[in-house]
Amino acid sequence: MKHQEALTKYLARFIQELSNSGVEDVVISPGSRSTPLAMLVAGHPKLKYHINIDERSAAFFALGIAKQTRKPVALICTSGTAAANYYPAVVEAKLARVPLIVLTADRPHELRDVGAPQAIDQNQFYGNHVKWFSEMALPDLNEEILRYVQTNAARAVSISLEVPAGPVHLNFPFREPLIPIMDPSPYTEVSEQPSIAISHGNLHLKMNQILDICNRLQQKEKGLIVCGVIDDPRFVESIIPFAEKLGYPIIADPLSQLRSGDFSGEYIIDSYDAILKEIVSDEKLKPEVIIRFGGMPVSKPLTKFMKKLNDTEQYIIEAGNGWRDPINNATYMIYCDEATFCNDITMKLNERHGSSWLKMWQDLNTIARNTVINEICDIDDLDEGKVVIELTKRMPANSILFVGNSMPIRDVDTFLHSNQQNIRILANRGANGIDGVVSSALGASLYGEPLFLLLGDLSFYHDLNGLLAAKMHKLNINIIVINNNGGGIFSYLPQASEGKYFEELFGTPTDIDFEYAVKMYDGYYKKVRNWDEFHQSIAESIKTDGLNVIEVPTNRQKNVEIHKKMWKRVSREIEQFFQGDNHGD
């Protein structure tokens, strides 16, 4: 009984402090060795727990909740390979800066490395993919140990949230018996313990640094603000006045949250991918300075364009201690909270009026956007780019669009244009993998807003297990599967010219009928044949609760031809624009 008492008080103190520190959601993968953690979380009066049987799916599900709520989420599994199945999501969380608290149960020390079942080496299991690891002490009634476990709970949450956010890992060895004492509630006594209050501040610049930056920027008319992956409402509010004062256009990646919202889109350049796809005038587009916020944008043409600007000043604003400069062109690495940086600089800048540079980019954006829309809207066949246009036009305001990797995120980059629908766009762009996308989207669908998931057939196949969460937790999600029967993105890469090996090694057609998988999870399924059916299916899915899957069959080769034709048309229009005037001189 003394062992169970120690087990109960030790973990109750830990779990209570998780709650006090801001954790609200816990995802549990069922198992034996994790029994005490799972039962005590389930018995907590405030924590919400979600069962997800498949560990890989569970971890991505937790990742999706954390992305949507912008809060840390705890994740519990048993010992052995269960922890290994969390690995892909832990990697994604580290690179995408998402706060996860990974709690793995383990065999006690005497059962390690002696052939005991379900015992693997879990110490430092995730290596450098977590911000912090702690091998927890065995449960004990000693007050010093109880204070220790409480402190580690607060520390884990704090480290996961500290900029840049990310995952932490705590490994708990447990001896049998594993059943805690649940009656009376262990939280009656624990709730009276004082919690540990931890405060986080924002990095900011000194006044002399602010004035120095303002002085340099004020002298340069030709500037670009590049906003990559960043999901902070404060930043959205601060970046528009910043751009207005400088007179610089904003190159807005869809994951910057600047493509859709209740703000002026006057400074937003959303068709830069099309503009830069086949550059006709490098010199006219060349900026004197680039100010970059967030992760690297999705667009390869933009990355190539910036990489060539060796003599252009490039500022990278980092809120934490990261170094996000894969093109190695940073001139100034500035560690400062992004919103604070914009606000402080904006206050000290003189407003620039009548910038011909800004007008050139705005005109180019209008030309590229109109050309793209005209080219794509003339297509009667089901087309991947047109899916983005037709879907976003019909999504309710204040929705979430979760986007799969490979071609869908690139199509969103090209075809989702500035609007005021306030669509929040999420994606797993840390490691850019196709695993776990369904589960992440389902996690993000847990609270409130209508959610649409746009992904390819291989990504959908890769995480079909994740659909169980929709059934178990009665989640509402609308999934649009673009089915080009294989890896569509490879059709745009040099491998496409290798006809002898392409389909087997890269195209990888699966010929799967997804209808049966969707019905297995009690979902509604519709395979559309034309645009009228697509529009009708979207309208019905908005009105229908539960799992809705709309499959859009497309042709890989035809899609490549349509895109190439569109890009050439954009290039011609831009060339004519420059030939007709001396813009940018």
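Residues numbered from 1 in each chain as written. Predicted model: local features only at pLDDT ≥ 70, side-chain atom pairs only at ≥ 80, totals over all residues. Heavy atoms only, no water.

Asker: Outline the overall build of the protein chain, listing residues and values.
Answerer: A tally of regular secondary structure across the protein chain gives 23 helices and 18 strands. Relative to a compact globule of 585 residues, whose C-alpha radius of gyration would be 25 Å, the protein chain shows 26 Å and is just as compact. Counting only C-alpha atoms, the protein chain reaches 85 × 65 × 45 Å along its principal axes. Relative to its 585 residues, the protein chain shows a buried fraction of 57%. Taking the intrachain contacts of the protein chain between residues at least 6 apart in sequence as the baseline, contacts between residues at least 24 apart amount to 79%. Computed over 59 positive and 74 negative side-chain charges, the separation of the two mean positions in the protein chain equals 2 Å. (Helix = DSSP H or I, 4+ residues; strand = E, 2+ residues; numbered from the N terminus. Rg over C-alpha atoms; globule rule 2.2 N^0.38 Å. Buried < 20%, exposed > 50% of the residue type's maximum accessible area, 1.4 Å probe, protein only. Contact = heavy atoms within 4.5 Å. Lys, Arg positive; Asp, Glu negative; His and termini not counted. Charge placed at Lys NZ, Arg CZ, Asp CG, Glu CD.)

Asker: With reference to specific residues and values, describe the pattern of salt bridges.
Answerer: Considering all chains together, one arrives at 29 salt bridges under this definition. With its nearest N and O atoms 3.0 Å apart, the salt bridge here joins Asp106 to Arg112. Like Arg112, Asp106 is buried. We note a salt bridge from Arg234 to Asp232, for which the minimum N-O separation is 3.1 Å. Taken together, the shared-partner salt bridges connect Glu5, Lys9 and Glu189 into one network. (Salt bridge = Lys/Arg side-chain N within 4 Å of Asp/Glu carboxyl O.)

Asker: Please set out a nonpolar patch on the surface residue by residue, giving values where relevant.
Answerer: On the surface, Leu203, Trp323 and Tyr335 cluster together into a nonpolar patch covering about 320 Å² of accessible area. As for its placement among the helices and strands, Tyr335 is situated in strand β12 (residues 332-335). (Patch = residues over 30% accessible without salt bridge, like charges linked within 9 Å, V, L, I, M, F, W, Y side chains within 5 Å. Areas by Shrake-Rupley, 256 points an atom, 1.4 Å probe, with all protein chains shown as cover.)

Asker: Outline the packing of helix α9 (residues 233-246) against helix α13 (residues 338-348), supporting the account with residue identities and numerical values.
Answerer: The N-to-C vectors of α9 and α13 enclose an angle of 30 degrees; their axes lie 8 Å apart at closest approach. Classified by the angle their axes make, α9 and α13 are roughly parallel. In this structure, α9 crosses over α13, and the sense of that crossing is left-handed. Contact with α9, carried on its side by Arg234, Phe235, Ser238, Ile239, Pro241, Phe242 and Lys245, involves Glu338, Ala339, Thr340, Phe341, Cys342, Asn343, Ile345 and Thr346 of α13 and no other residues of that element. Its residues assigned to classes, the contact of α9 with α13 shows eight nonpolar, four polar and three charged. (Axes fitted to C-alpha atoms, helices over the stretch in contact; angles between N-to-C directions. Parallel < 35°, antiparallel > 145°, perpendicular 65-115°, else oblique. Left-handed = near helix turned anticlockwise from the far one by under 90°. Nonpolar A, V, L, I, M, F, W, Y, C, P; charged D, E, K, R; others polar.)

Asker: Lay out the sheet that holds strand β6 (residues 168-173) in plain terms, naming residues and giving numbers.
Answerer: A sheet is described by the order of its strands in space; here six strands give the open sequence β2-β1-β3-β4-β6-β5, paired in parallel fashion. Only two strands of the sheet have a single partner each, and these edge strands are β2 (48-51) and β5 (132-135). The sheet shows a mean angle of 20 degrees between the axes of neighbouring strands, taken without regard to direction. In this structure, strand β1 (residues 25-28) lies alongside strand β3 (residues 73-77), joined through four bridges in parallel fashion. Paired with Ile28 across the strands is Ile76, a residue of β3. On top of the sheet, helix α1 (residues 2-20) reaches β4 (100-106) and β6; it is set at about 165 degrees to β6, its chief contact. Contacting β1, β2, β3, β4 and β6, helix α2 (residues 35-42) runs over the sheet at an angle of about 140 degrees to β1. (Pairing = 2+ DSSP bridges.)

Asker: Break down the packing of aromatic side chains for me, citing the residues and quoting the values.
Answerer: Here the structure, examined in full by the defined rule, presents 14 aromatic pairs. Arranged with centres 5.7 Å apart and planes meeting at 90 degrees, the rings of Trp531 and Phe534 form a pair that is edge-to-face. Separated by three residues within a single helix, Trp531 and Phe534 lie in helix α22 (residues 531-543), roughly one turn from each other. Both residues of the pair, Trp531 and Phe534, count as buried. Judged by centre distance (5.4 Å) and plane angle (65 degrees), the ring pair of Phe577 and Phe578 falls under edge-to-face. Residue class for Phe577 comes out buried when judged on its relative accessible area of 14%. The structure contains a cluster of three or more aromatic residues connected by ring pairs, namely Phe235, Phe242, Phe293 and Phe341. One residue, Arg216, lies across the ring of Tyr332, its end atom 4.2 Å from the ring centre. (Phe/Tyr/Trp six-rings, centres within 6.5 Å; stacked < 30°, edge-to-face > 60°. Lys NZ or Arg CZ within 6 Å of the ring centre and 35° of its normal.)

Asker: Let's hear about the nonpolar core: which residues, and what values?
Answerer: Counting residues in each nonpolar core, the largest one holds 58 residues, and the members touching the most others are Leu285, Trp361, Leu401, Ile480 and Phe534. If sequence neighbours within four positions are ignored, Phe534 has contacts with Val387, Glu390, Leu391, Ile480, Val528, Ile550 and Val552. Judged by nonpolar contacts, the second largest core, of 52 residues, contains Phe125, Ala444, Leu453 and Phe460. (Core = buried A, V, L, I, M, F, W, Y, C linked by side-chain atoms within 4.5 Å.)

Asker: So what about the side chain of Asn405? Which residues, and what values?
Answerer: Mapped onto the secondary structure, Asn405 falls in the loop between β13 (400-403) and α16 (407-415). A polar side-chain atom of Asn405 sits 2.9 Å from the main-chain carbonyl oxygen of Asn428. Here the side chain of Asn405 touches Asn432 through a polar contact of 3.4 Å, landing on its backbone oxygen. What Asn405 contacts, discounting residues up to four positions off in sequence, is Asn428, Arg429, Asn432 and Gly433. (Polar contact = N/O pair within 3.5 Å; in protein donor to acceptor, adjacent residues only side chain to side chain.)

Asker: Explain α2 to me, and be specific about the residues and the numbers.
Answerer: The buried count for α2 comes to six of eight residues, which makes it a mostly enclosed element. Turning to α2, its buried residues number three or more, namely Thr35, Pro36, Leu37, Ala38, Leu40 and Val41.

Asker: With reference to specific residues and values, describe the environment of Leu547.
Answerer: On the secondary structure map, Leu547 appears in strand β18 (residues 547-553). Among the residues examined, Leu547 registers a relative accessible area of 5% and is labelled buried. When the C-alpha positions of Leu547 and Gly115 are compared, they lie 44 Å apart, and in sequence the two are 432 residues distant. For Leu547, the residues in contact, after removing those within four places along its chain, are Leu467, Ala470, Leu475, Ile477, Ile479, Val518, Tyr521, Gly523 and Tyr524.

Asker: So, a positive patch on the surface: which residues are in play, and what are the values?
Answerer: On the surface, Lys564, Lys565, Lys568 and Arg572 cluster together to form a positively charged patch. Mapping Lys564 onto the fold places it in helix α23 (residues 556-580).

Asker: Describe the environment of Arg352, naming the residues involved and giving the relevant values.
Answerer: Its location among the elements puts Arg352 in the loop between α13 and α14 (356-377). For Arg352, a relative accessible area of 16% puts it in the buried group. Apart from residues lying up to four places away in sequence, Arg352 is in contact with Leu217, Gln218, Gln219, Lys220, Glu221, Glu244, Lys245, Leu246 and Tyr248. There is a polar contact of 3.0 Å between the side chain of Arg352 and the backbone oxygen of Gln218.

Asker: Give me the lowdown on the packing of helix α3 (residues 55-69) against helix α5 (residues 87-96), citing residues and values where you can.
Answerer: Here α3 crosses α5 at 25 degrees, and the two axes come no closer than 8 Å. As the angle between them shows, α3 and α5 are arranged roughly parallel. Relative to α5, the crossing made by α3 is right-handed. Contacts between α3 and α5 involve Ala59, Phe60, Leu63 and Lys67 from the first element and Pro88, Ala89, Glu92, Ala93 and Ala96 from the second. Across the contact of α3 with α5, the residue classes tally to seven nonpolar, no polar and two charged.

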